[in-house]
Each structure stands twice: as structure tokens, then as C-alpha cells.
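Understanding the architecture of this molecule
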Amino acid sequence: MQASKKDAALLFVCGQCGFASRKWLGRCPDCGAWDSLSEQRKPAALRPGRVPASAQPLATADEEECLRLVTGIAEMDRVLGGGIVPGSLVLIGGDPGIGKSTLILQLLASLAAKDLQVLYVTGEESMRQIRMRANRLKIGNEAIFLSTENCVEAMIDLAGTMRPALLAVDSIQTVYSEEVGSAPGSVTQVRESTARLLALAKSSHLPILLVGHVTKDGAIAGPRVLEHMVDTVLYFEGDRGQVFRILRTVKNRFGSTNEIGVFEMQESGLAGVDNPSALFLAERPVNVPGSVVLPSVEGTRPILVEVQALVSRSSLGTARRTAIGADPQRLALLTAVLEKKLGVTLFDHDIFLNVAGGIRIVEPALDLGVVAALLSSFFEKPIDPATVVCGEIGLAGEVRAVGQMEMRLREAGRLGFSTFFMPESSARHLRGKKQEGMRLVPVRTVAELAEHLF
């Protein structure tokens, strides 16, 4: 089956990655998926007849700093870099039931409390369902307007008539364009609908929030180009069994890409956490083997988290390696370093690693905490509860420096910790900057760490 030369509006689009071809192919040359190309009508935005483009010198471009729209939710403003930039397109993704719609409704209520008119367009829920959630959250401001429209052209007309301060669309996978023949949620529909909303945002300086579904792999569903089109990408993370939720910045054209916001799910909705370190350590066991505290840094915020390890002899032929909140590949690497450099026999032991509280740590500063927790559990010797550890470990067993050590030091001292194990190179840079009552213990190798701790 091939497209006719006379019909230039036909495309064959891959349902996995969004690759487009003028003819049908059995296998997508981009992602390698078989039988994934389907016939679709080319979007109007891609057809001939566009208005000629214009350009201007960089020196004459508008450099006036725009005022951000402060949401009033401190954790949300933090991850956005201080607020929502007018004309920006923000995409929020997360697992089903994690609280995305609750967060959006609370954000709209906060803006409405400032006498700003906001528009909430939902294609997944009825007005009655939204009203029930609003009653549970005790939200009833008349400045919040609801619509159950799915057509992107109708949304644009409605936004042009109302001129709201912010438009929220829940979710982008339910939106369709009348000029695209495929079903809502398809690659072409998602891409075309997002492009039209992006054009609306830029032309009218209207900030738009999009809610996106995620796949089983945790990525936002739809073509990868969707994340490239928007200005900011946020992921709402957390286990539904946990009370904590993490709002993480993945992309932000107007701020840092490493910021996180910490929320606690309560009966009245999501509440921002001002002191996440104290919250994550509130239920930490004392004088128990396999537990150690790590000072981590997420963006501009230092957070103390508890790293837990359980090392037990395996009854299976192949020992298990499980990591929650950390990289499993990194755990396997550190286990190999301990066996090679310290002679610790771990190949016949099951190893379970957990970063308590549901937070995920990806920075290499976690290495020293993982090694300390593993050794503590293996030797059945607890680590002093007033101790924190931080550092990266190389394959030769050396302890390498990590950044922002002064910030980690201040946070550990603020919460009453008295001993800090850190890389020797970092300790040299901190001479003369010690925290009151804090003892710095520099270590060069994992062997030195084990000698000091045990």
C-alpha cells in the first residue's frame, strides 16, 4: 500500500516514535518497530501556503524582562524558577492517580484567589467530577471556569473570547484537531494539538499548562518531539502508597533543570513541605545496622535523606540486587568495588537498597552512603546516628569530590549532625569554613571509610 502522487496530504506515521514517511514501510527506520506505520492525513500546519517568515537583528530584539506569574504555591514556584512565564507552555506528567489533577486545581484556586480569571479544560472528567474534587479540597472560587471541550480549535476560540490569565488542559492525549483525521491520542493528533496551543501561547502571551499521560516506562506518552516543543517539562513522582510527592524539573527554558518540589498528600489536598530533610528523617531508626544519612542536593536545595541497605545470605543460585530510589547499575558497580578492594564476599548475598521516603537520588554523591550502608549491614554494626557521609567512588576504590559541599555541610549542621565523612579533596577546600560543632573526617578510599566506621 503506497500513497498516491496526486494526494500529497497523505503521510504514513509511526505510532511509536512519530516518524513520517510518504510511503508505507513494514518497519520504522527510526525506532525499529514492526508494522507501526499507519496512514494519516498530513496536518494543515505542514502543508504548503504558509505566510512568509520575517527576521530582525538580535541587537533590536525585545530584551525587557517579563514578570512571572507567581502561583502562590511555594514548591511549584520553586521548580518553575520563580513562577510561570507569560506565553510559556508547561507540560506536567506523572503516573495515574499520583495527584496531577489535584495539583492543577489547587494551582488554579491559588491564582483565582488573586482575582485572576483562569480556565480549566478537561477532556477526561465531567464537570460534576471536577466539582466533587473541588468540594473535597474546599475550592469554590467563581474565577475558575470549567470546560469539557476536546477540540483544540474550540479551546483556542474559547481562550480568545475569555482571555484568561492561565489555561490548563487535562490531558493533551484527549485533545484532537478537526483538520487531522486520526483519533485523539495518536502521534499526529498530540503533535498537531500541542503545536496549535504553542502558537496560541506565544501569540497571546497566555501561559498554558498541559497534563500528559506516562507510559509504563515512566516517559510521557506520545512523540518524543512533544517534550522538545514545550518550554518546561515537570514530572510528578512518588508511590501512591507514600504520602510524599516529588515534583521534578526535567526541562526548563526559564530556570534550573535540577529543582524539586516536595509535597505531602493530605485529606485536604497537596501541601508543600518547607523542611523536607526533617520530614524524610522523622522515622529514621537509631542504632540499627544498614542505615546512614546522606546530604543530597537537588537544584538549589540541600536535602538529608536516609539510605538503607539489607545484606543477607542468598538461598538462590543467583543473588538478587534490588535498588529503590537509586540506580541499580550503580549498586552493582559499588558491590564489585567492595569485593575487589576490601575482599568483602558479597556474590552469595542478596542486597536490597532503599532511599527512604520515596525520593529518587541520581547524583554520584550517593556512592559513599551506599557503601557505608552496605558495610554496616554486612558487618551487623550500626553507624553513629549523628554521622553523615557524602562522596563519589571510582572503580579503583578512590573517593572523589562532589560539588556544593558547603551547602550540604550547613544543612547537616542545622539538623544537629556532628560528624561528616567526605572526600579528602573536598575537606581541603572547606578549611576555615567549618560548621560550628561539626567534625570533618576526610577519606581517600573506601578502605579508609571502613576503617573509620568499623
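One can find the structure itself at the top, above this paragraph.
Computed from a prediction, not measured in an experiment: that's the story for all the values here.

We now examine the overall build of the protein chain. Secondary structure assignment for the protein chain yields 12 helices and 21 strands. Taken over the C-alpha atoms alone, the protein chain extends approximately 75 × 55 × 50 Å along its principal axes. Long-range contacts, defined as pairs at least 24 residues apart, comprise 65% of the intrachain contacts of the protein chain with a sequence gap of at least 6. A total accessible area of about 21,700 Å² is found for the protein chain, and carbon and sulfur atoms account for 51% of it.

Okay, helix H10 (residues 405-414) next. Among the residues of H10, those classed as buried are Met405, Met407, Arg408, Leu409, Glu411 and Ala412. Just downstream of H10 lies Gly416, where phi reads positive at about 90°.

Cis geometry marks the peptide bond from Asp170 to Ser171, where omega comes out at 0°. Turning to its location among the elements, Ser171 is positioned in the loop between strand S7 (166-170) and helix H5 (187-204). Here Arg163, not a glycine, exhibits a phi torsion of approximately 55°, which is positive. Mapped onto the fold, Arg163 is located in the loop between helix H4 (152-162) and S7. A positive phi is found at Asn287, a non-glycine position, where the angle reads about 55°. Tracing the backbone through its elements, the reader meets Asn287 in the loop between helix H7 (276-280) and strand S13 (291-298). Judged by relative accessible area, which is 52%, Asn287 ranks as exposed.

Formed by 62 residues in total, the largest nonpolar core has its most connected members in Ile359 and Phe420. Among residues more than four places away in sequence, those in contact with Phe420 are Pro295, Val388, Cys390, Met405, Arg408, Leu409, Ala412, Met438, Arg439, Leu440 and Val441. If you look at the next biggest cluster of nonpolar residues, it comprises 34 residues, including Ile98, Val211, Phe236 and Leu247.

Residue placement: Glu75 occurs in helix H1 (residues 74-80). Residue classification places Glu75 among the buried residues on the basis of a relative accessible area of 4%.

As enumerated under the stated definition, the model contains 4 aromatic pairs in all. For the ring pair Phe244 and Phe280, a centre distance of 5.3 Å and an interplane angle of 75° mean the geometry is edge-to-face. Taken together, the positions of Phe244 in strand S10 (residues 244-252) and Phe280 in helix H7 put the pair 36 residues apart, joining distant regions of the chain. Phe244 sits in the buried class, given a relative accessible area of 12%. For Phe280, a relative accessible area of 5% gives the class buried.

Turning our attention to helix H3 (residues 127-136). Helical periodicity: at 3.6 residues per turn, an α-helix aligns residues three or four positions apart in one direction. Within H3 the residues assigned to the buried category are Ile130, Arg133 and Ala134. Taken around the axis of H3, the buried residues stretch over an arc of 100°, which confines them to a single face. The exposed residues of H3 that point more than 90 degrees off its buried face are Arg128 and Met132. Those residues of H3 that are buried lie in contact with helix H2 (100-112), strand S5 (118-122) and strand S6 (144-147).

This part takes up the environment of Phe352. Along the chain, Phe352 falls in strand S16 (residues 349-355). Along the backbone, Phe352 and Thr71 are 281 residues apart, and their C-alpha atoms lie at a distance of 40 Å. In contact with Phe352, other than residues within four places in its own chain, are Gln308, Ala309, Leu310, Arg320 and Thr322.

Here we come to the sheet that holds strand S12 (residues 269-272). Read across the open sheet, the 9 strands follow the order S6-S5-S7-S8-S4-S9-S10-S11-S12; overall the sheet is mixed. Each edge of the open sheet is held by one strand with a lone partner, namely S6 and S12. Strand after strand, the sheet turns through a mean of 25° between neighbouring axes, direction not considered. As paired elements, strand S4 (residues 89-94) and strand S9 (residues 232-237) share 5 bridges and run parallel to each other. Paired with Leu91 across the strands is Val233, a residue of S9. Packed onto the sheet, H5 meets S4, S7 and strand S8 (208-212) and runs at close to 160° relative to S8.

Each value, and the rule that gives it
Residues numbered from 1 in each chain as written. Predicted model: local features only at pLDDT ≥ 70, side-chain atom pairs only at ≥ 80, totals over all residues. Heavy atoms only, no water. Helix = DSSP H or I, 4+ residues; strand = E, 2+ residues; numbered from the N terminus. Contact = heavy atoms within 4.5 Å. Areas by Shrake-Rupley, 256 points an atom, 1.4 Å probe, with all protein chains shown as cover. Buried < 20%, exposed > 50% of the residue type's maximum accessible area, 1.4 Å probe, protein only. Core = buried A, V, L, I, M, F, W, Y, C linked by side-chain atoms within 4.5 Å. Phe/Tyr/Trp six-rings, centres within 6.5 Å; stacked < 30°, edge-to-face > 60°. Arc of directions from axis to C-beta. Pairing = 2+ DSSP bridges. Axes fitted to C-alpha atoms, helices over the stretch in contact; angles between N-to-C directions.

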